[in-house]
Amino acid sequence: MARLGVNIDHVATLRQARGGHEPDPIIAASLVHLAGAEGIVVHLREDRRHIQDRDLTILRETVQTHLNLEMAADEAVAKIALNIKPDLVTLVPERRQELTTEGGLDVVEHRDRIQAMVQLLHEGGIPVSLFIDPDVNQLRAAHKIQADCVELHTGRYANTRRQQEEDAECDALVQTAKLASKLGLRVSAGHGLNYRNIKRLTGIPEIEEFNIGHSIIAHAIFVGLERAVRDMKHLLD
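A brief report on the enclosed structure follows.

Cut-offs used in this document
- Residues numbered from 1 in each chain as written.
- Predicted model: local features only at pLDDT ≥ 70, side-chain atom pairs only at ≥ 80, totals over all residues.
- Heavy atoms only, no water.
- Helix = DSSP H or I, 4+ residues; strand = E, 2+ residues; numbered from the N terminus.
- Polar contact = N/O pair within 3.5 Å; in protein donor to acceptor, adjacent residues only side chain to side chain.
- Contact = heavy atoms within 4.5 Å.
- Core = buried A, V, L, I, M, F, W, Y, C linked by side-chain atoms within 4.5 Å.
- Buried < 20%, exposed > 50% of the residue type's maximum accessible area, 1.4 Å probe, protein only.
- Axes fitted to C-alpha atoms, helices over the stretch in contact; angles between N-to-C directions.
- Parallel < 35°, antiparallel > 145°, perpendicular 65-115°, else oblique.
- Left-handed = near helix turned anticlockwise from the far one by under 90°.
- Nonpolar A, V, L, I, M, F, W, Y, C, P; charged D, E, K, R; others polar.
- Pairing = 2+ DSSP bridges.
- Expected span 1.5 Å × (residues − 1).
- Right-handed = clockwise from strand over helix to strand, strands pointing away.

**Here's the deal with the side chain of Asn7**
Working step 1: As for its position among the elements, Asn7 is in strand E1 (residues 3-7).
Working step 2: A polar contact of 2.8 Å, which involves the side chain of Asn7, links it to the backbone nitrogen of Asp9.
Working step 3: In this structure Asn7 touches Val41, Glu70, Ile212, Gly213 and Ile217, once residues within four positions along its chain are discounted.

Right, here's the structure in full:
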């Protein structure tokens, strides 16, 4: 059974909407753990639109599972990561005007910059995952710069409207995951996954972990966070 990492960014988004202290993503992380998720995912963005530096510091002290820090290939955030020491750093593309991450890293185009960041984090003892589209060329580039893992961007799969499109996107994920495994890279997947579209991807044995945030937090509004996590865990069985 694949592991579940829960992204709690949008708990912080709700807090930041009022500029207060509630809801607290630290409490959310504890509830996620109690519900059986294997990991906590947070994205420390350059503009700090949701997760704050203080959140990350406290999470590092309190998270009893696996802490996955998403970040841009940015030296200022890298310094924070090297100090905090998350269990994994996932490098993601980041643009200030986007509502959410819109695609995978272009490792082919920005190889030197990303490789330098991977090396810096490795020197600090932190494993690195690269968030990439399910594309063989991007995967091979990730392997060449010695990433430890890849997280396959499932956004195109999640946004398909026709069965033929879904089949094509699913096949791309299958083929990329298989090659990643052959190259010795650990494989996770995420973005846009929800309680309706996740099940098909659980049939890809190379995917060891699914990282899901928005749909779980949205479901939690109606049923509570612990049940929302358990409902997703049940679909991964």
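**Details of the nonpolar core**
Generally speaking, a soluble globular protein has its nonpolar side chains buried in company with each other.
Working step 1: Of all hydrophobic cores here, the largest spans 73 residues; its most connected members are Ile8, Leu91, Leu130 and Phe210.
Working step 2: Discounting chain neighbours no more than four positions away, the residues touching Phe210 are Ala2, Arg3, Leu4, Gly5, Ala189, Leu193, Ile198, Leu201, Thr202 and Leu236.

**Re the packing of helix H2 (residues 25-34) against helix H11 (residues 225-236)**
Working step 1: Where H2 contacts H11, the axes come no closer than 8 Å and their chain directions differ by 45 degrees. On the basis of their axis angle, the class for H2 and H11 is oblique. For the pair H2 and H11, the sense of crossing is right-handed. Here Ala28, Leu31, Val32 and Leu34 of H2 lie close against H11, whose contacting residues are Leu225, Glu226, Val229 and Arg230.
Working step 2: Residue composition of the contact of H2 with H11, by class: 6 nonpolar, no polar and 2 charged.

**Quick look at the sheet that holds strand E3 (residues 66-71)**
Working step 1: Sheet architecture is closed into a barrel: 8 strands sit in the order E1-E2-E3-E4-E5-E6-E7-E8, paired in parallel fashion. In this sheet, neighbouring strand axes are inclined to one another by 25 degrees on average, regardless of whether the strands run parallel or antiparallel.
Working step 2: Bridging between strand E4 (residues 88-91) and strand E5 (residues 128-132) involves 3 bridges; their strand directions are parallel. Looking at E5, one finds that Thr90 is bridged to Ser129.
Working step 3: Lying over the sheet, helix H8 (residues 163-182) contacts strand E6 (149-153), strand E7 (186-190) and strand E8 (207-212), oriented at roughly 180 degrees with respect to E6.

**Section: H11**
Working step 1: With 12 residues, H11 extends 17 Å from end C-alpha to end C-alpha; this agrees with the ideal 16 Å at 1.5 Å per step.
Working step 2: Packing partners of the buried residues in H11 comprise E1, H2, helix H9 (198-201), E8 and helix H10 (214-223).

**Description of the pairing of E5**
Looking along a regular strand, one sees the side chains alternate between the two faces of the sheet.
Working step 1: In terms of burial, E5 is a largely internal element, 5 of the 5 residues being buried.
Working step 2: Covered by surrounding structure in E5 are Val128, Leu130 and Ile132 together with Ser129 and Phe131, the residues of both alternating faces.
Working step 3: The pairing of E5 with E6 spans 4 bridges and is parallel. Considered in E6, the bridge of Leu130 is made with Val150.
Working step 4: What joins E5 to E6 is helix H6 (residues 136-144), and the crossover it makes is right-handed.

**Quick look at unusual backbone geometry**
Working step 1: With an omega of -5 degrees, the peptide bond between Glu22 and Pro23 qualifies as cis.
Working step 2: Its place among the elements puts Pro23 in the loop between helix H1 (9-18) and H2.
Working step 3: Located in the positive-phi region is Lys85, a residue other than glycine, with phi close to 65 degrees.
Working step 4: Positionally, Lys85 belongs in the loop between helix H4 (75-84) and E4.
Working step 5: In this structure Lys85 comes out as partly exposed when scored by relative accessible area, which is 39%.
Working step 6: We note that Gln146 has phi near 70 degrees; this positive angle belongs to a residue other than glycine.
Working step 7: Assignment of secondary structure puts Gln146 in the loop between H6 and E6.

**Some points on the packing of H2 against helix H3 (residues 53-62)**
Working step 1: Two numbers describe how H2 lies on H3: the axes approach to 10 Å, and their chain directions differ by 30 degrees. Viewed along their axes, H2 and H3 adopt a mutual orientation that is roughly parallel. The chirality of how H2 crosses H3 is right-handed. Residues Pro25, Ile26 and Ala29 of H2 touch H3, and the partners they reach there are Asp55, Ile58, Leu59 and Thr62.
Working step 2: In the contact of H2 with H3, the residues fall into 5 nonpolar, 1 polar and 1 charged.

**Regarding the pairing of E4**
Working step 1: Burial along E4 is two-sided: Leu88 and Thr90 and Val89 and Leu91, pointing in opposite directions, are all buried.
Working step 2: Of the pairings in the sheet, the one linking E3 to E4 comprises 4 bridges and is parallel in character. Bridged to Glu70 within E4 is Thr90.
Working step 3: In this fold, the crossover linking E3 to E4 by way of H4 has right-handed handedness.

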